[in-house]
Amino acid sequence: MKRGLASCGLRVTAIGITALLVATACSKSLPPPEIVSAPPDNSSAPEQTGISDILSQSMPAEDPHLLIRARFPTALAVSPSRQLFFAEREGRIWKVDLSGGKKDKEPPVHLIEEIAVSTEGERGLLGLALDPDFVQHPYLYVFASPASNKEISTVHRIELKDDQVVKDEVIIELPAGRACCHKGGRLAFGPDGKLYVTVGDGLAPSASPDINDLRGKILRYEPDGSIPRDGAFGPQTPVWATGLRNSFGLVFSSSGEAYATDNGPSGSDGPHCCDEVNRVRPGEHYGWPNSYGSRYREGTPPIWHSGEEVVVPTGITVVSSSRFGALNGAVAFCSFALRQMFVIDEAGRKWTEGLSEPGRGPSGCALDIVQGPDARLYFADTDAIYAWG
């Protein structure tokens, strides 16, 4: 079994150890998410934060708390007005209103859209992003494995008005292959206003370095799904970076640096090892399939790799928060295998300041992590979403 999301459950394969985490049932008749509590309201918290906004608070006084129960919440996004959107793997997109939340009150939750997806292998609803100017252009972007065609992946642009879907259109179709796994599926907007998409190699390692194949890449598009004319490999292709195996995490820092997680080999395509975090630049090659971890013969080495440990890195963010002064500038990402937050600096070294254990943050960070405009960190486990700060 390949490391990653699995149909109606999850298998994480490590050296000599196989762990099965039951993530979701196959039934489509599901209750809405269970709201547990909202982050306490703090009207003095800045709505927009950056490193220049650091206050005296080094770290939050309280540990992360359970915000909401959810069924395999693969991806998170928070709007400027403190609306938490999240995608569940089985095809549902939800919104939770955090704007006036208090710990003793339940914030409203609303089902935005349901997309018919396949959840075979590592398929499903896998990525979510908001338009950079979401207030003026209320578009959700989602990465899906359509139930009608398991050999492709699609990117939808969903237009909202007062929480109602005005239009849901597929703007990008991508090759996914017939194999079970390595679909990628993360979405992020860059500082240039372009939409970036991670696509796994589809269990075809030779596709990753081939610029004529969209698998094993990070791709770059206009918000309408068209190909920018200033592409890294010319105006005819959306390919932005090559040599990735299966990236479940992508983020741009406030300074414009891009970071992507990448899952290392899992037995059939190399030793169990070498999960990576890469600092991504346009036109660069990140090694797969001939180089990974410390075994680099070509391409750009990662800033961090897991060595012989199996981590399965997923969602990633760069902290620039007034509530986390001790973590400002840190790169934080989730581990699907260990269900814990990992924290490193921009050179890949374990982050020590503000943490009880070097390089490790709270547990429960398995699928995605984002920083909200309220300067809190939100992260997802396989059955819940947490708020910290």
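Residues numbered from 1 in each chain as written. Predicted model: local features only at pLDDT ≥ 70, side-chain atom pairs only at ≥ 80, totals over all residues. Heavy atoms only, no water.

A.B. asks: Let's hear about the sheet that holds strand 6 (residues 73-78): which residues, and what values?
C.D. replies: Taking strand neighbours across the sheet as the criterion, the four strands line up as 6-7-8-9 in an open arrangement whose pairing is antiparallel. Every interior strand has two partners, whereas the edge strands, strand 6 and strand 9 (109-114), have only one. Across the sheet, the mean angle separating the axes of adjacent strands is 20° when strand polarity is ignored. Alignment of strand 6 against strand 7 (residues 83-88), held across five bridges, turns out to be antiparallel. Directly across from P73, in strand 7, lies its bridge partner E88. (Pairing = 2+ DSSP bridges. Helix = DSSP H or I, 4+ residues; strand = E, 2+ residues; numbered from the N terminus. Axes fitted to C-alpha atoms, helices over the stretch in contact; angles between N-to-C directions.)

A.B. asks: How would you explain the nonpolar core if you had to name every residue and give the values?
C.D. replies: Formed by 21 residues in total, the largest nonpolar core has its most connected members in L67, L76, L84, F86, Y378 and I385. Those elements giving two or more residues to this core turn out to be strand 5 (65-69), strand 6, strand 7, strand 8 (92-97), strand 27 (377-380) and strand 28 (384-388). Among the nonpolar cores identified, the runner-up in size contains 20 residues, and A326, L327, A332 and I369 belong to it. (Core = buried A, V, L, I, M, F, W, Y, C linked by side-chain atoms within 4.5 Å. Buried < 20%, exposed > 50% of the residue type's maximum accessible area, 1.4 Å probe, protein only.)

A.B. asks: Describe the packing of aromatic side chains, and please don't skip the residues or the numbers.
C.D. replies: Following the criterion strictly, the structure yields 12 aromatic pairs and no others. Ring geometry for Y141 and F189: centres 5.1 Å apart, planes at 75°, overall edge-to-face. Remark: F189 occurs in strand 14 (residues 187-189) and Y141 occurs in strand 11 (residues 139-144); sequence separation between them is 48 residues. Here Y141 matches F189 in class, with each residue buried. One Lys or Arg, R89, reaches over the ring of F72 and ends 5.8 Å from the middle of that ring. Its end group placed over the ring of W288, R245 keeps NZ or CZ at 5.6 Å from the ring centre. (Phe/Tyr/Trp six-rings, centres within 6.5 Å; stacked < 30°, edge-to-face > 60°. Lys NZ or Arg CZ within 6 Å of the ring centre and 35° of its normal.)

A.B. asks: Give me the lowdown on the pairing of strand 24 (residues 340-344), citing residues and values where you can.
C.D. replies: Within strand 24, five of the five residues are buried, which leaves the element mostly enclosed by the surrounding structure. Side chains of strand 24 alternate between two faces, with Q340, F342 and I344 and M341 and V343 buried alike. Where strand 23 (residues 331-335) lies against strand 24, five bridges are found, and the strand directions are antiparallel. Within strand 24, the position partnered with A332 by the bridge is V343. Hairpin connection of strand 23 to strand 24: four residues between the antiparallel strands, including R339 at a positive phi of 55°. Relative to strand 25 (residues 360-363), strand 24 is paired through two bridges, and the arrangement is antiparallel. Each residue of the ladder has a partner; that of Q340, found in strand 25, is S363.

A.B. asks: Account for the layout of surface pockets, with residues named and values stated.
C.D. replies: When its volume is computed, the largest pocket comes out at roughly 1200 Å³. Forming the boundary of the largest pocket are 40 residues, of which V78, F189, V251, F252 and Q371 lie nearest the centre. Secondary structure elements with two or more residues in the lining of the largest pocket: strand 6, strand 10 (125-130), strand 14, strand 18 (249-252), strand 22 (313-318) and strand 26 (368-371). Across the lining of the largest pocket, the residue classes tally to 22 nonpolar, 14 polar and four charged. (1 Å grid on protein atoms, 1.4 Å probe; cavity = no way out; pocket = protein on both sides within 12 Å on 5 of 7 lines; lining within 4 Å. Points joined across faces, edges and corners; volume = space filled by probe spheres on them. Nonpolar A, V, L, I, M, F, W, Y, C, P; charged D, E, K, R; others polar.)

A.B. asks: Now, about the state of the cysteines: what can you tell me, with residues and values included?
C.D. replies: Within this structure, the stated rule accounts for three disulfides. The partner cysteine of C180 in its disulfide is C181, sulfur to sulfur 2.3 Å. Looking along the S-S bond of the C180-C181 disulfide, the torsion reads about -100°, which is the left-handed sense. (Disulfide = S-S within 2.5 Å.)

A.B. asks: I'd like a description of the sheet that holds strand 11, backed by residues and values.
C.D. replies: Within the open sheet, the four strands sit side by side as 10-11-12-13. Their pairing is antiparallel. Two strands in the sheet have a free side with no partner beyond their single neighbour: strand 10 and strand 13 (164-175). When the angles between neighbouring strand axes are averaged without regard to direction, this sheet yields 20°. As judged from the six bridges shared by strand 11 and strand 12 (residues 152-161), these two strands associate in the antiparallel manner. What sits directly across from A144, in strand 12, is T154.

A.B. asks: Quick one: what's the story with empty space enclosed by the protein, residue by residue and with numbers?
C.D. replies: Applying the stated rule across the entire model yields three cavities of 30 Å³ or more. Size it by volume and the second largest cavity reaches roughly 40 Å³. Every residue lining the second largest cavity is listed: R245, D262, N263, G264, C274, E276, Y286, W288, S291 and Y292. Residue composition of the lining of the second largest cavity, by class: four nonpolar, three polar and three charged.

A.B. asks: I'd like a rundown of the pairing of strand 11, residues and numbers included.
C.D. replies: A regular strand carries its side chains on alternate faces of the sheet. Counting buried residues along strand 11, six of its six residues qualify, which places the element largely inside the surrounding structure. With burial as the criterion, each face of strand 11 is covered, one bearing Y139, Y141 and F143 and the other bearing L140, V142 and A144. Here strand 10 pairs with strand 11 via five bridges, running antiparallel. Bridged to L128 within strand 11 is V142.

By themselves, these are just geometric observations and shouldn't be taken as functional.
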